[in-house]
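Listed here are the chains, written in short residue letters.
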Amino acid sequence: MSTDSTVRVVVVDDEPDIRMLLDVQLKYAQGFEVVGLAADGGQAVELVEKLRPDAVVMDLLMPGVNGFDAISMLQQQCPEVGIVAYSGVAGDFVREEMDRRGVEVVLKSGDVGPLGRALRRSVARHHDPSPD
Amino acid sequence: MEPQDREWLEQRALNVIGHELRTPVSTVRGLAEVLTREQDPHRRDELTAALVRNARRLEGLLDDLLAAAGVTTALPSGEAEPVDLPDAIRSAWDGDRDALVVSGTGVAVARRGSVDRIVNAVLDNARGYGGTPLTVSVSRADRRVNAVLDSPGPELAAEDVRYALEPFWRGERAVTARPGLGIGLPVAGALAAHEGGRLWVEARPGGGLLTFLELPAA
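Summary of the structure given here. (Residues numbered from 1 in each chain as written. Chains lettered and ligands numbered in written order. Predicted model: local features only at pLDDT ≥ 70, side-chain atom pairs only at ≥ 80, totals over all residues.)

**Topic: the environment of Ser109(A)**
Residue and element names in this part refer to chain A. Rules: To qualify as a helix, a DSSP run of H or I must reach at least 4 residues; to qualify as a strand, a run of E must reach at least 2; elements of each kind are numbered from the N terminus. With C-beta atoms placed from the backbone, a residue is buried if 20 or more other C-beta atoms are within 10 Å of its own, exposed if 12 or fewer are, and partly exposed between those counts.
By the secondary structure assignment, Ser 109 is in the loop between strand S5 (104-107) and helix H5 (113-127). What makes Ser 109 partly exposed here is the crowd of 18 C-beta atoms within 10 Å. Here the alpha-carbon distance between Ser 109 and Ser 87, two residues 22 residues apart in the chain, equals 9.1 Å.

So, in structure tokens, the structure goes:
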């Protein structure tokens, strides 16, 4: 992490309003710095490779390279980066796919609290890979 | 539709509605909360505009759900008027100019609101599921105006074509590509019928979809 406990985050979502909202919400949530915004999975991989954030907030359903594929790419190319899947859809298929990848799923919410806690857990797992 | 498909669709409908409403509702809540804290006037304007957009999106989703359920009060009211169909299609397109080719002429008599929603839904469906360029041919026959949208793309499963106008049915490609209720084409079909016309789809030879719209002519 960049400073004591500041988590540097890249936000990935195809909806501009959600990118803007998370940018502002994480600004007000203590201990996060949004260092980059991406509109699809392809942009996300490029941005993460360049910026090397602590964690990524990843939407799943996106045109072009979707979140499922982008997560697989990031886990291969940037395994030190924590990932949280942030989705409006979290049925059995999504849960199973994310469990298989070891990625926590947070259902989209107006409350940024659960996302912030999941981001911190994802970063902690990469610093201490033993089970929670 | 087969009974097991019907049962699957009914279960899916509740699931999809819940998920699809969740994004704009949670976005509206989040935007409203950060607006109470944000001091930067420029940022406040951006957040307010986003709040209005998402509230409208929510309202549109609810209108579409009611229309898909056959609630006619959710359909546009007012008087039918002459609508130049090629112009309406070109106006609705917000993608690359080269990605849509519209040819032919035809003036329909319909409520403008219906035509706009039909055209938007059909173009959105084609853009989301297929490739480009999209080509639209408009013609007049007897007292009808016909538009055929040719959208190339991967070959679609037979059931994706057969059930394309069934609410909540979504093709395999759509499920991981983007969110959506799966009611765009069904609502467009309901609107076409509301205007005295009809909408249907067929598999495109070589892959993709052909979408047919027929409306009363001026």
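That shown, we press on.
**Quick word on the interface of chain A and chain B**
Formally: Note on contacts: residues are paired as contacts if their backbone-placed C-beta atoms lie within 7 Å.
At the junction of the two partners, chain A supplies 18 residues and chain B supplies 22 residues. No other element matches the 7 residues that helix H1 (residues 16-28) of chain A contributes to the side of chain A that touches chain B.

**Some details on the sheet that holds strand S6 (residues 198-203) of chain B**
Backbone hydrogen bonds hold the strands of a sheet together, and the pairing may be parallel or antiparallel. Residue and element names in this part refer to chain B. The following threshold applies: Strand pairing requires that DSSP identify at least two bridges connecting the strands. To obtain an axis, a line is fitted to C-alpha atoms, over the contacting stretch when the element is a helix, and the angle between two such axes runs from 0 to 180 degrees between their N-to-C directions.
Read across the sheet, 5 strands follow the order S2-S4-S5-S7-S6 without closing on themselves; strand pairing throughout is mixed. Every other strand in the sheet has two partners, leaving strand S2 (100-104) and S6 as the edge strands with one partner each. The mean inter-strand angle of the sheet, taken between neighbouring strand axes irrespective of direction, is 15°. Taken together, the 5 bridges between S2 and strand S4 (residues 134-141) define a ladder with parallel strand orientation. Each bridged residue has a counterpart across the sheet, and for Gly 104 the counterpart in S4 is Val 138. Relative to S2, helix H3 (residues 85-92) is tilted by about 170°, and along the sheet it contacts S2, S4 and strand S5 (144-152). Of the strands in this sheet, S6 and strand S7 (208-216) are in contact with helix H7 (residues 184-194), which crosses S6 at around 140°.

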